[in-house]
Every structure is written in structure tokens, then in C-alpha cells.
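Commentary on secondary and tertiary structure
Given next are the chains, with one letter for each unit.
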Amino acid sequence: MTLLAVEGLTISLPTPGGPLRVVRDASFALERRQTLGIVGESGSGKSMTALAIIGLLPAGATAAGRVMLDGEDLLMASEERLCALRGNRIAMIFQEPMTSLNPVHRVGDQVAEGLILHRGLDRAAALAEAARLLDRVGIAQAGARLRAYPHELSGGQRQRVMIALALACRPDLLIADEPTSALDVTVQAQIIELLRGLIDDFGMALLLISHDLAVVGEIADRVMVMYAGAVAEEGPTAALYAVRAHPYTQGLFGALPDRLARKGRRLAAIPGTVPLANELPPGCPFHGRCPKAAPICRETPPPWASHAADHRARCYFPGAAR
Amino acid sequence: MSLGPGFGWHRYPALIAGAAVTLVLVTLAAVSLAWTPYPVTELVIARRLQGPSAAHWLGTDQFGRDVLSMLMAGSRNSIAVGFVAVGIGLTLGVALGMLAAARRGLIDEAVMRLGDFTFAFPAVLSAIMITAIAGPGAINAIIAIGIFNIPVFARLARGAALQVWSRDFILAARAAGKSTFRITLEHVLPNVAGLLVVQATIQFALAILAEASLAYLGLGTQPPNPSWGKMLNEAQTFMSRAPLLAVFPGLAIAVAVLGINLLGDGLRDLIDPKLRRARA
Amino acid sequence: MIQFCLRRLATLCVTLIAASAVVFVVMEVLPGDPAVVMLGTEAQPETLAALRKQLGLDRPAPERYVTWLAGFVTGDLGLSQTYRVPVSELIADRLAITGPLALAAIVLSTAIALPLGLFAAARHRRLGDAGVMAFGQLGLAVPNFWFGLLLVLVFSISLGWLPAGGFPGWQGGIGPAMRALILPAVALALPQAAILARVARSAILDAMAEDYVRTARAKGLTRRAALWRHVLRNAMIPIVTIMGLQFSFLLAGAIIIENVFYLPGLGRLVFQAISQRDLIVVKDIVVLLAGTVVFINFVVDLLYAVLDPRLRSFRT
Ligand SMILES: Nc1ncnc2c1ncn2[C@@H]1O[C@H](COP(=O)(O)OP(=O)(O)OP(=O)(O)O)[C@@H](O)[C@H]1O
Ligand SMILES: [Mg+2]
């Protein structure tokens, strides 16, 4: 059975001006031991999608559609059930390693907490396991580091601790929301390398949200491109990177494909800005910035166009770059 | 910040309520300068300790004085204390804070330590000491409260000014050859003024409270000058016979302080909408 | 940690010495000779001189300052001019009232404020939250001595449940003495509690919005478990700051409240000493109170370090 199947996910956030639909009708699937990369500009709804899966949307937010984990709809699940799954079968790593650890608790205890909660270990056993985990994520002298406080660690080390914390109960699904954006370039590479090794070892599925197309290209099996809260294109990494069916995807990659090869390649600048969710134009949300825009694009949202059996884009004029 | 037609007054209920109360307070004080329902010095023993009536809306005290008139005259006293005490703290404190921020080094250290030191003496305690030395009286009480305000403003001004000093446009002003004093006057002060106004409002309310406490203890305003704290002191003796005498002056203090505090909160929201959203 | 304590302790001592020096100098320049105050203006010059010698007033000021300062360690704080008893005895007597009063007020205000703040934070943007916020505004605006008068009006004069003032003394049994302290403690505590509840609310709300709380929830902790294990400890840092600041307000408040309820505590003593110009007593009490405030700030600093490991490893 598919590990994670998201169908028609629509997320509304409460704002003073009424509910704001920040994710619209997103559907995708993730198989066991596979990696799905989500890319898109800032504000395209990547984090909200991730938070909806783990059930930690901001207060007052509502999610419609279905989020199926092994056939169980998480959007319907009770808070109690979600607490039993979180940190246990689904885990998440956040963007800010500096603030994501509690400054007043020792890192060992923070890693051990999930083990005590889900595995029923006593504190000593949980700490011993925490030491093994810290060692596995590449923290030197892990046993001694258990007693360190977060402020005594570097940014890279803290993100390693976050990874150990997330992996503690050997989850089936790991969500990593821009795990390296806040780190130095060299550290970024190390962390990505670590993640890649870990998903093999632990047999996890990984949902990787990133701005870094090079990283996603290296590690993801499939890639999903989001724009203004909707999925613009989705397909196998190699095919999507080669074809770039959606003009937005082409924009993300920029005009020169060979520059992609460069390490640390960030999203290219596309002229214009993402329309806000409350002022979305009718038709295709991208038409205002799209070089291929035709009259129909302003009127009716485009349907899915299949490029291959498992590669589709939401565009009237999908096609290869250039 | 534009106060054009699009300005949504309804989004600032605290500001409106606070401004309204403050306005009433100031109006009453101003009117009392020229007119009160009855002269506040008029003692009529025949009508002592009367309850509220059509002639005396809030009743009369143990000397037959009209309570409403006394409260009106008392507001004058509270406002005057607030202005002078905050004025002392604001002028000296801001001057020290600006100096510390502009010069740094030893002066800065001295100003900060002086602040630490003053905080060791609670306002009422230092007021008690000052009145112990110089004798009770409104002036001494005001000075005591004012002195306590100096480090409050000095710290605030210093902290805010340091931030302004680190900005780019200061560098430009320096490059243009302006003196430290001119930069402080032309660039730093205007940028911290909003913050200072908000704090001044809050300190104003605190000064009214402190003066009321001192007057209640007999260390502040002396008779025959009416003051809310003094009225409460006198009312205590007659509390079983005339309980309302102990209610109205306290109510006046609480409403005045509440109103001024709301005004301060409202001004802060207006000046710093970010903060407002964060707190909401 | 030890280094941290020592550094704070050194600052504490410097502040105390500076404070006592200021008080000493201020009292020194005051007109009025304590010996004359004690014996009256018609006293014989010889008797005056003898008393001066007995009081140590004939020695130079720096020497007297040091002797006086040493008195805080040895417990010999000099003789009260009006009561003719050692000031240390006077203070000890009065402390038996002010101490329990202040303690009761702190315990009461904390016991009210923290649960209230927690309640408001949990009911964020709902009615209960707005209620606590309004309660906080009232706490800032209502003077504690007036609140004390209102309590007397309701609970003593109207209902007759509790005494309106005075103190029967501890020797008459704990019960009546405690009854006499109930209204003063409430008058002192409730306005403070209202302010503290507001602070607690925003501290908890701020901590709840932190990223590490999201991490805790992602681990599978329930909202409540995350609150207890991750939010409260962090929220305590600003709360303890305000509690330390409030302590000095509480001391000042105690001076006033003791006068409202005719409690023969330190506050009433210092007040009486002022009107009788018993300057030795004023001097001693002011330094003692200032010392207490400084000491409490020291304790707050230590508490910070206990609560926040980031401060512990701070080195200079
Ligand atoms: N708490 C919130 N209340 C209201 N709107 C929000 C809130 N959080 C996020 N949004 C809005 O929701 C939209 C989607 O946000 P999201 O965080 O999912 O974007 P993202 O793709 O993760 O962007 P980034 O790359 O910057 O992390 C954005 O337009 C954002 O402004
Ligand atoms: Mg994001």
C-alpha cells in the first residue's frame, strides 16, 4: 500500500479579512523508502502542506481533502491518535535549528523524550539510545554531548540533534522542511549527505522541502513543483528536470540549464511576484508572469496535461524548455 | 503613520477610552481653577457627613465640604504632580540617557550603575526618606517621585538611542561633519520620541498613584490643599458613619490611572502596530 | 556557576555599601542633634556631652559610619532616641509582623497570578483571556491602600467577619494574629496578582509560539504535556524578573498597608520614627529595606541562572 497519499488537500488559514486558502487541491503520493521533493517560491504553501500532514497547522486553520497514511485518514484522526503517530511513525525536521531545540533542556533529554513517550523506555535506556542516535548522526563524543545544552552546539550540530530527535522512533515518514536553509553551504552538503545515508539505513520515506534544486535533484525520486498554493507540475526527478513541462518550472530553473549543475543553485528569479491567496486571478494562477500566457489562461484554470504516465503539469501549453 | 480618512478609530478602543477619560480629567481640573460647585475651603459644620443629594451630588465630608468640589480640585493636584514629576524624570533622564548613548564609555557605565543603585530604593521608601529629611509637603513628594523617574527614562532613552546610533543615516550625518550634539538633537531624539511619550504616559499614571499614597500617609500634599490621597486618609476615621467618603476619592484615582494607562497602551499600539499584532 | 554567584555577590556588596553610604551622608547633613532630641532643648550641656559620648557621637563621621555598618553584622544598630531600646530589638519585634505579612502577600499573589495567567493563555483571544487582561488593568490602577479600605468597608464594617485593623500579637495565639493579617495580605496581594497574571499570560503566550514547542508537538507530546514540560520553564524567566521587581513594590506597599490597618510592623515603625525624628531608626530601617531589595534581586539573578542554562555558561 502507498505510504502517504494526499488527495485534494485544501488548507485555509484564518485572517482578519476572512479565511485564506493557502493550499488548493493538492494531490500527491509517496511510496515507502522513496523521496519526494517539494519546490516552489516562498509562500507557495510548502510548509503548510507539511504541517497539515503531521497535524500541526496553526490554530484556527482548517484542512479539507484526505491525508492517507497507510490507508488511515489523518485529517479525520483524533488528536490522541495523532499524538501517538507524531514522533513515532511520522517525524519532522524544521528549518530553524537555532530555535527548534528547547534552550533550557539538555539535548540528550530532548532526544530521549520521544523514546520514553512512544517506546516506553525508562530514562536511562532512552538516554543510551539517544547516545547511539547522536553518534549515528555524526556528533563526536555523543555520550558526553548528551549533557550539553543547545546553546553549546553549533548550528550544524543542532540540526544533527534535530535529525536524531526525529529519527529516534524510526518513523516510516520523515518530513524535512528546508533542513539546510539556515546553515552554511559546506554544512548544508554534510547534512544532506547524512540524510541520504539515513533514509537508506532506516528505510524511511522522505518528504523534502527545499529551495535548492540541486539538492532535490540529487536525492529525490520524484519532485513536485508548487505555485501559489497549487501543484504546478509533478513527476519523476529525471524526467521533470529534463522536460520542465510547466513554464513556472522553466522559470525556476532559469534560462540556462547548465547552470543547474552548479552546487547550491537557488531558484532563479522570475519577474513579478506570487499573487496572494486572497487576490488570485481567475484562470491559471501563473498567467500574470507567464511568457506563454494566452487569453484562455486568464479565463479557465488549465487541466492536468500528462507528459508521461507519471509526469503531469497543469498547463495549456506544456512543453520542453526553450 | 497617516491619520487620513482611512484611519480606523474603531481599531484602537484603548486609545479612545483612554483619551476620553484623560480629557474629562483635564477638563475637570481646568474648570476647577475657575469654578467648583462649592468653594473647597468653605467649612459648614451644619451640613457635615451628608450622603449624596441633589445639592451635593457626592455628599459632604466631616467639615461639611462638598466632595465633588474637593475631587475636582484634587484632580488639579494630581495632574500637577504628574506633570512635574514626569517632567523632572523626562528632562534629566533623557539628557543622561542621550549623553550615555552618544559618549559610551565611562559616562555610560556611570549612568547605568546609578540606575541600578536608585532601583534599590522603592519610590515610596525614597520619598519617605526625603520627606523625613526635608519635611512632608507636596513639593518634596513631587521631587521624590521625580528622582525615581530619572533612571527609568535614562535607561529607556539610552537603549533606544543606541539603536538609532547604529543606523546608516547617522553615519551619513557624521560624514557630513555634524556634531554629536546636533545629531542627537536632529536625528536621535526624534526617533526615540514616540517611545518616550508612551513611557511618560505610564510614569504619569504611576506618579499619580505614588502621590496619592504619600498624601494618604500624610507625607504629600498638606491641608487645606485638596488631594485624593489625603481625602481617603480623612475618610478612614468616619468610615462606619460615611462609607461613601472612602469610596469616591479612590474611584477618582483608579479611573484617572486606568484612563491614562489605557491612553499609553493605545499610543503604543498606534506607534508600533507590529507589537500590537504580536500581543493581540 | 560558583564564579557567577561570586560575581553577583560582589555587585551586591558594592550596591549595599553605596546605598548605606548615601543614607548615612544624607542623615548626617540633617540639622538636629540626636542628643538634643532625646533630652530636650533645656538639658544641661554636661548631660548632653555625656550622652553624646555614650552614643558615640563625639567620634569622627567615617569612624561612626564604619561602626554603624559593622552593626548590621553584629546586630548592634544603636539606640532608638524615642523608645530608648536597641534598634535591633525594635526591628526584630516589628519584623514579626511585616515578615509574615510580606510572605503571605507574595505567596497569595503568586498562587493567584500563575494559574490565572495560564488560564488566560490557554483561553487566548476568548472571554476568559479578556477578563484576565481587564483584571490586570484594574490591578495597575487601583491603589492598594484604597483597596484595603474597601476590604475593611465590606468585610469588617458591613459583614463583621474580620477585624478592621490592629494586631493582637502572636503571644495571644496564632489564630487571632492570622485573622488580623488576612485583609492586609489580600489588600497587598491582589493588585500585585492582577499585574503578575498579565505578565504570566504574555510570557506563556510568547513561549507557546516558540519553535521548540512545535518540535515538542512533532515528537508526539500532547498540547498539555508540551505546556508543562517545555513552555512553563521558559515562561518562568520573564515571570521571575517581574516578581523580583514587584518585591520592592511589595515592601513599599507593606509600609502603606500597615498604616491602613494599624499594624505595628516595620512600615509603621519607620513612619512613626519620621514624625518623631528618630533618625537612627529611620536610617537603619531604610538601609535594611534597601538591602532586602538588593538581596532579592541577587536571588532573582541566581534563579535566572537556575532556569536558563545560557546564563550559567556566560563568562567574562
Ligand atoms: N500563521 C499564518 N497566518 C496567516 N497566513 C499564513 C500563516 N503562515 C503562513 N501564512 C501564509 O500562507 C502561505 C503559505 O505559507 P507557507 O509557509 O506554506 O509557504 P512556504 O512555501 O513554506 O514558503 P517558504 O519557502 O517561505 O517557507 C503564505 O502566503 C503565507 O503568507
Ligand atoms: Mg516554509
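These figures come from a predicted structure and were not determined experimentally.

Moving on, we get to the overall build of chain A. When you go through chain A residue by residue, the secondary structure sums to 11 helices and 12 strands. Considered along the principal axes of its C-alpha atoms, chain A spans approximately 65 × 45 × 40 Å. Within the span of chain A, comprising 322 residues, buried residues form 57% of the whole. The long-range share in chain A, meaning contacts at least 24 apart out of those at least 6 apart in sequence, stands at 64%.

All names here are of chain A. In the region of ligand 1, the neighbouring residues are Leu13, Val22, Glu41, Ser42, Gly43, Ser44, Gly45, Lys46, Ser47, Met48, Glu178 and His211. The side chain of glutamate 178 places a nitrogen or oxygen atom 3.1 Å from an oxygen atom of ligand 1. Out of a free accessible area of 640 Å², ligand 1 has 66% covered by protein chains. A per-element tally of the shell around ligand 1 places helix H1 (residues 46–54) first, with three residues.

Here we come to the sheet that holds strand E2 (residues 20–30) of chain A. All names here are of chain A. Overall, antiparallel pairing links the four strands, which are arranged E2-E1-E4-E5 in an open sheet. Sheet topology places E2 and strand E5 (72–73) at the edges, where each strand pairs with a single neighbour. Most of the contacts of H1 go to strand E1 (residues 4–13), to which it runs at about 115°, and overall it touches E1, E2 and strand E4 (62–69).

Below, the discussion takes up the pattern of salt bridges. Between side chains of opposite charge, pairing is possible as soon as their charged atoms come close. All names here are of chain A. In this structure the tally under the stated criterion is 29 salt bridges over all chains. A salt bridge links arginine 66 to glutamate 7, with the shortest nitrogen-to-oxygen separation between them at 3.1 Å. With arginine 66 in strand E4 and glutamate 7 in strand E1, this pair connects stretches of sequence that are 59 residues apart. Assessed through its relative accessible area of 39%, arginine 66 is described here as partly exposed.

Here we take up the pairing of E4 of chain A. Residues and elements named next belong to chain A. By the bridge criterion, seven bridges tie E1 to E4 in an arrangement that is antiparallel. By the bridge assignment, alanine 5 is partnered in E4 with methionine 68. In this sheet, E5 lies alongside E4 in antiparallel orientation, the contact comprising two bridges. Within the sheet, the bridge partner assigned to leucine 69 lies in E5 and is glutamate 72.

In this assembly, 41 residues from chain C lie in contact with 35 residues from chain B. Both sides of the chain C and chain B interface together cover about 3,500 Å² of buried area, and 79% of this is carbon and sulfur. Of all residues in chain C, the largest losses of buried area upon contact with chain B belong to Phe145, Trp146 and Leu149 of chain C, amounting jointly to 17% of the total for that side. Taken together, the links from chain C to chain B amount to one salt bridge. With a shortest N-O distance of 3.9 Å, aspartate 265 of chain B and arginine 198 of chain C are connected by a salt bridge. Here chain C and chain B share three residue pairs in polar contact (both at pLDDT 80 or more) between them. Taken together, the elements giving at least two residues each to the side of chain C that touches chain B come down to helix H1 (2–29), helix H6 (127–141), helix H7 (144–158), helix H8 (174–208), helix H10 (223–260), helix H11 (266–275) and helix H12 (279–307) of chain C. The residue makeup of the side of chain C that touches chain B, split by class, is 32 nonpolar, five polar and four charged.

So, how was this worked out
- Residues numbered from 1 in each chain as written.
- Chains lettered and ligands numbered in written order.
- Predicted model: local features only at pLDDT ≥ 70, side-chain atom pairs only at ≥ 80, totals over all residues.
- Heavy atoms only, no water.
- Helix = DSSP H or I, 4+ residues; strand = E, 2+ residues; numbered from the N terminus.
- Buried < 20%, exposed > 50% of the residue type's maximum accessible area, 1.4 Å probe, protein only.
- Contact = heavy atoms within 4.5 Å.
- Near = heavy atom within 4 Å.
- Polar contact = N/O pair within 3.5 Å; in protein donor to acceptor, adjacent residues only side chain to side chain.
- Areas by Shrake-Rupley, 256 points an atom, 1.4 Å probe, with all protein chains shown as cover.
- Pairing = 2+ DSSP bridges.
- Axes fitted to C-alpha atoms, helices over the stretch in contact; angles between N-to-C directions.
- Salt bridge = Lys/Arg side-chain N within 4 Å of Asp/Glu carboxyl O.
- Buried area = accessible area lost by both parts, 1.4 Å probe.
- Nonpolar A, V, L, I, M, F, W, Y, C, P; charged D, E, K, R; others polar.

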